[in-house]
Amino acid sequence: MEHSLIDPSLGEAWRPRVIGVRSTRREDDAILRGEGQYVADVRLPRMVEACFVRSQLAHARLLGVPLEEARAADGVVAAYAADDLDGVAAVPDLHKGGRPVATYPLARDRVRYVGAPIAVVVAADRYAAEDAAELVVPDLEPLPVVAGMDEALAPGAELLYPDWPDNMLIDAPASNPDVAEAFAGLRSVGGSYTIQRVGGVPMETRGVVADYRNGRLTVWTSTQYPHIVRTMLHYVLGLPEGQIRVIAPDVGGGFGTKAQIYVEEYIIASLALRLRRPVRWIEDRYEHLVTAAQARDVRFQLEAAVRDDGSIQALRGQILHDLGSGEMYPPGFNPSFVAVGMLTGAYRIPHQQIGVRCVVTNKTPAGAYRGFGMPECTFALERLIDKIGGELGIDPLDVRRRMLLDPGEMPYVTASGARLDSGSHREAFERAVSEGERLTERARARWADNPDVRIGMGVATYTEGTAANYFFTSGHWTNQDSCDVRFDPDGGVTVGVGVSTTGQGLHTMVATVAAEALGVPIDNVRVVMGDTDTSPHGLGGFASRSTVVAAGAIHKAAGEVREKGARIAAHLLEAAPEDLELVEGGFHVRGTPHRGVSWGDVARAALVRTVDLPPDVEPGLEAKAVFVPPGVAHAVGEDGRLNACPTYANATHVAVVKVDVRTGIVAVVDYVAVHDCGRVINPLIVAGQVHGGVAQGIGGALYEDFGYDDLAQPQSTSFMAYLIPTASEIPPIHAEEMESPAPEIPFGVKGVGEGGIIGPPAAIAGAVEAALAEFDPPELTATPITPQDVHAIVTAAGRAS
Amino acid sequence: MRPVEQPTDATEVELRVNGDAVRRTVPARLLLADLLRDGLDLTGTHLGCEHGICGACTVLLDGAPVRSCLTLAVQADGAEVTTVEGITPAEGLSPMQQAFKDHHGLQCGFCTPGFLTTLESADPADYPDDESLRELLSGNLCRCTGYEHIVAAVRAAWNRD
């Protein structure tokens, strides 16, 4: 067994022992054996099933909801519309940034999107509930439909919220005299860049089971943040939080989609209170595709003041963001502000001025999706840099090289105020480009004989803010998270954390970090998360935060426990605490390895043989700690800047695409991601995060689209239309990790969850454009890039020649 | 099994599930997935889309992969049904399951049982290279892994470099 020293201060002498090892995951055995416990697997006696009646119109006045027929149907226990659910308040508009939407869980007088819940039917089983729900025909009076942003902003547009003067939920103009000065003196290059509506679409839909017994409400829900669900249930249902227990069981993917608190969570909980029976609702895929949070749907007008060498002195522009109906908590506008904050990425661009305008329309409400504004801003800026290169006749890679930040410039405060703490921006770029060029040559050689094939390569560089203070717009003014560490008498450790998993491997991460910090074997660490009764208070899993905040909290708590353990061990060994060192499994006297005690010896003394304790040491061997990521501001400063994250990851992606100019079909044949998330806790899990994000990014760049017609009827209502990429669409992903430890975060870790998804839209658009160079393509400014788009470019070139 | 008039009419089915004889009276419209999950508590079979695309609910019907969300329980009358629980050893993991674990071929795991059942019925000889292997896997959607580690796991389980 390795007995390397762990310095309690984790200073220069610290050498990772289990951090950095390719450990397999502790989560896996149960899942692989089919023994996972997802929300749909919760079974309770007397449980009944709920089914929602949803609006089939995008915009209508709700005049009445006849429920008699449904209530009389076979197997039906109850049926409710909004008027029947007294005691269910409107969802509070906790954020102060935009206009209030005052969403009631069931629609009261108006529906604003197809899928809005109007009534709920409860029956003995799901078959009976669905049959009865079909008998409910709400009395809807159609209203003019606002099907998109341009319609929403047109003069005389129908208002979704009649007491608002227009359809803007938030309008945040920007001004900056430095930007005006830059544009007065320099050439300007600009464009308009659009990312379509996509979403997380986890393989497990949403679902809620609620049960009220013995004066307590228990809610199992497929969520990314159980504690916040509990707080919101308290606000809407009026129960004290102590009477509510929220459990996130195994969650089958989240990706931000489950970082919302949904109206169904309030409704199902209220039904359990009302019926005194367990109630289950498992969303079906159609419901998911029309009601779960959708994202992006952004048009980014961006203009650069460009120096003669192609480098950028200033950026100005505006983000126009379609929030759908806006009936979502936390509100859907947050990604646009992240896009402002992260716009300049890894580049030295001194000034920016970006306004944000978020518009309500009759589409599904917008919310979170992995990447959260960063794919949008990266797409706009990277496409614009390619355009600058083209207009100035400079290789766009060289334009980037002139602006890339170097390690010596860290910490670097960007034009938006983001304080980049560390990174390998230039080296990651050069490595990715070099590997991408090699793979591009290989692809050219492979398809050299095929006259229909063109090969192209595109590049995207970005920074990824991690552990972001996203909650400042949600009304939860905190970024804290916590853990408690407690020993059992046999030397086993239980670590409870406030972060919550959706399958990324957080249990393994927490166990690894705790084992590292305490010098215990990983298998001796039990991890508790996702249950408000047993996990300490925390905000959950989102914004690539879990590793940063959990590791920070564990570092603090473990430090306290170690210190106490050392005092007890010293007493047991009749030595001075400062003469001890912590080794794998316990303490020994420095230089005398045979004089040692195990954590079990220490824990027994602390818990069940307290007579052995030194006189000045209290019984017990546990500690709780709260970690607040350092350096994060909660509001924009007087200079208009804001640092929203304690640490920033970085990466460069290169896509190599094969375009069939006969069919228009684009295939990504190789994908390179050189990525830096600081110190890597588990290389296997980090690679998995990068791969998964890249695959979702490829989906967004080429296949996925939540389209709506002129009446705002959703067009992607099944997996026949919403095209999740399969193994045949996703190429080999060449992921390489660099490690620039976060200097101000314990263990040097940064977040990794969102990085992979940020690069693909920009990299793939650049690659397709490069592949089509001989056809003189217009700038590709929108995703998804479809075979029709490519075909149109090729045919137009044919006509022109 | 006697003929039924209505989808809600009850009918009797007899089948074997993971080797055990099962006799149940079920509504004619009951999905095989719901019989397995709610009737037999075999919750390893997951429902991801209920319209036959995602493959999470894949089970083997007389050895062939089927979508249990598109298969009625009555269609399994007289058949042998194998779920993920049926391809799992009493202790530990099967070689394919172990390969998924070793290569991090799963994250949230919701889709995983469908991949395992699909692979259980596949003959490696029919999928000699990565392209054909990916084609095989393309009947199952995964939203977490980007498939890279799943491909690696299968290659390892099939003893390919």
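Structure's up top.
Now for a quick tour of the structure. Just so you know, these numbers come straight off a predicted model, no measurement behind them. (Residues numbered from 1 in each chain as written. Chains lettered and ligands numbered in written order. Predicted model: local features only at pLDDT ≥ 70, side-chain atom pairs only at ≥ 80, totals over all residues.)

## A closer look at the overall build of chain B
Here's step 1: What chain B contains, in helices and strands, is five helices and five strands.
Here's step 2: Tracing chain B from N to C terminus, the helices and strands come up as β-β-α-β-β-β-α-α-α-α.
Here's step 3: At 16 Å, chain B has a C-alpha radius of gyration in line with the 15 Å of a compact globule built from 161 residues.
Here's step 4: Taken over 161 residues, chain B has a buried fraction of 52%.
Here's step 5: Intrachain contacts of chain B at a sequence separation of at least 6 include 56% that bridge at least 24 residues. (Helix = DSSP H or I, 4+ residues; strand = E, 2+ residues; numbered from the N terminus. Rg over C-alpha atoms; globule rule 2.2 N^0.38 Å. Buried ≥ 20, exposed ≤ 12 C-beta atoms within 10 Å, placed from the backbone. Contact = placed C-beta atoms within 7 Å.)

## Concerning the sheet that holds strand S6 (residues 139–142) of chain A
All names here are of chain A.
Here's step 1: Strand order across the open sheet formed by three strands is S4-S2-S6, with antiparallel pairing between neighbours. The sheet terminates laterally at strand S4 (110–111) and S6, the two strands that pair on one side only.
Here's step 2: Here four bridges tie strand S2 (residues 60–64) to S6, and the two strands are oriented antiparallel to one another. Within the sheet, the bridge partner assigned to Gly-64 lies in S6 and is Asp-139. (Pairing = 2+ DSSP bridges.)

## A look at helix H11 (residues 396–403) of chain A
Residue and element names in this part refer to chain A.
Here's step 1: Looking at H11, one finds that the buried residues are Pro-396, Val-399 and Arg-400. Along the long axis of H11, the arc covered by the buried residues comes to 95°, so they all point the same way.
Here's step 2: The secondary structure elements touched by the buried residues of H11 are helix H10 (374–392), helix H12 (425–446) and strand S18 (453–466). (Arc of directions from axis to C-beta.)

## A short note on the packing of helix H4 (residues 130–137) of chain B against helix H5 (residues 148–157) of chain B
Residues and elements named next belong to chain B.
Here's step 1: At a closest axis distance of 11 Å, the pairing of H4 and H5 adopts a crossing angle of 115°. Viewed along their axes, H4 and H5 adopt a mutual orientation that is roughly perpendicular. Remark: the crossing between H4 and H5 carries right-handed chirality. Of the residues in H5, those in contact with Asp-130, Leu-133, Arg-134 and Leu-137 of H4 are Ile-150, Val-151 and Val-154.
Here's step 2: Counted by class, the contact of H4 with H5 contains five nonpolar, no polar and two charged residues. (Axes fitted to C-alpha atoms, helices over the stretch in contact; angles between N-to-C directions. Parallel < 35°, antiparallel > 145°, perpendicular 65-115°, else oblique. Left-handed = near helix turned anticlockwise from the far one by under 90°. Nonpolar A, V, L, I, M, F, W, Y, C, P; charged D, E, K, R; others polar.)

## A look at the interface of chain B and chain A
Here's step 1: In this complex, chain B contributes 42 residues to the contact, which on the side of chain A involves 43 residues.
Here's step 2: Going through the elements one at a time, helix H2 (95–102), helix H3 (112–120), H4 and H5 of chain B are the ones with two or more residues in the side of chain B that touches chain A.
Here's step 3: Residues that form the side of chain B that touches chain A fall into these classes: 18 nonpolar, 15 polar and nine charged.

## Some details on the sheet that holds strand S26 (residues 647–660) of chain A
All names here are of chain A.
Here's step 1: Pairing is mixed across the open sheet formed by four strands, whose spatial order is S18-S26-S27-S28. A single partner strand is all that each edge strand has here, and the edge strands are S18 and strand S28 (733–738). Across the sheet, the mean angle separating the axes of adjacent strands is 15° when strand polarity is ignored.
Here's step 2: In terms of strand pairing, S26 meets strand S27 (residues 666–676) through 10 bridges, oriented antiparallel. Bridge pairing links Val-659 to Val-666 in S27.

## Notes on the environment of A:Leu518
Residues and elements named next belong to chain A.
Here's step 1: Looking at the secondary structure, you find Leu-518 in helix H13 (residues 506–518).
Here's step 2: Here Leu-518 falls in the buried class, since 25 other C-beta atoms lie within 10 Å of it.
Here's step 3: If near-sequence neighbours (up to four positions away) are discounted, Leu-518 is found in contact with Val-493, Ala-558, Val-561 and Arg-562.

## What to know about the environment of A:Val589
Residue and element names in this part refer to chain A.
Here's step 1: Here Val-589 is to be found in strand S23 (residues 586–589).
Here's step 2: By the C-beta count within 10 Å, which is 19 here, Val-589 ends up partly exposed.
Here's step 3: In sequence terms Val-589 and Asp-579 are 10 residues apart; their C-alpha atoms lie 5.8 Å from each other.
Here's step 4: Ignoring anything within four residues of it in the chain, the contact list for Val-589 reads Leu-573, Ala-575, Asp-579, Leu-580 and Arg-595.

## Considerations on the nonpolar core
Residues and elements named next belong to chain A.
Here's step 1: Among the nonpolar cores identified, the biggest contains 322 residues, and Ala-119, Val-121, Ala-514, Ile-554, Ile-764 and Val-768 are the most heavily contacted of them.
Here's step 2: Considering every element that reaches this core, the biggest residue donor is helix H14 (residues 546–573), with 13 residues.
Here's step 3: Filtering out sequence-adjacent residues up to four positions away, Ile-554 remains in contact with Cys-483, Val-485, Val-495, Val-510, Val-513, Ala-514 and Ala-517. (Core = buried A, V, L, I, M, F, W, Y, C linked by C-beta atoms within 7 Å.)

## Focus on H2(B)
Here's step 1: Taken residue by residue, H2(B) has B:Met96, B:Gln97, B:Ala99 and B:Phe100 as its buried positions. Looking straight down H2(B), one finds its buried side chains confined to an arc of 160°; they lie on one side.
Here's step 2: For H2(B), the secondary structure elements touched by its buried residues are helix H1 (28–32) of chain A together with H3 and H5 of chain B.
Here's step 3: Positioned one or two residues after H2(B), B:His104 has a phi angle of 55°, which is positive.

## Focus: unusual backbone geometry
Here's step 1: For the peptide bond that leads from A:Met410 to A:Pro411, omega is -10°, which places it in the cis range.
Here's step 2: Assignment of secondary structure puts A:Pro411 in the loop between H11 and strand S16 (412–413).
Here's step 3: Along the chain, A:Thr783 connects to A:Pro784 via a cis peptide bond; the corresponding omega equals 0°.
Here's step 4: Secondary-structure assignment places A:Pro784 in the loop between helix H18 (760–771) and helix H19 (787–800).
Here's step 5: Even without being glycine, A:Ser544 reaches a positive phi, approximately 50°.
Here's step 6: The topology assignment puts A:Ser544 in the loop between strand S21 (525–528) and H14.
Here's step 7: One non-glycine residue, B:Asp41, adopts positive backbone phi at about 60°.
Here's step 8: With respect to the helices and strands, the residue B:Asp41 is situated in the loop between helix H1 (32–39) and strand S3 (58–61).
Here's step 9: On the neighbour-count criterion, B:Asp41 (11 C-beta atoms within 10 Å) is exposed.

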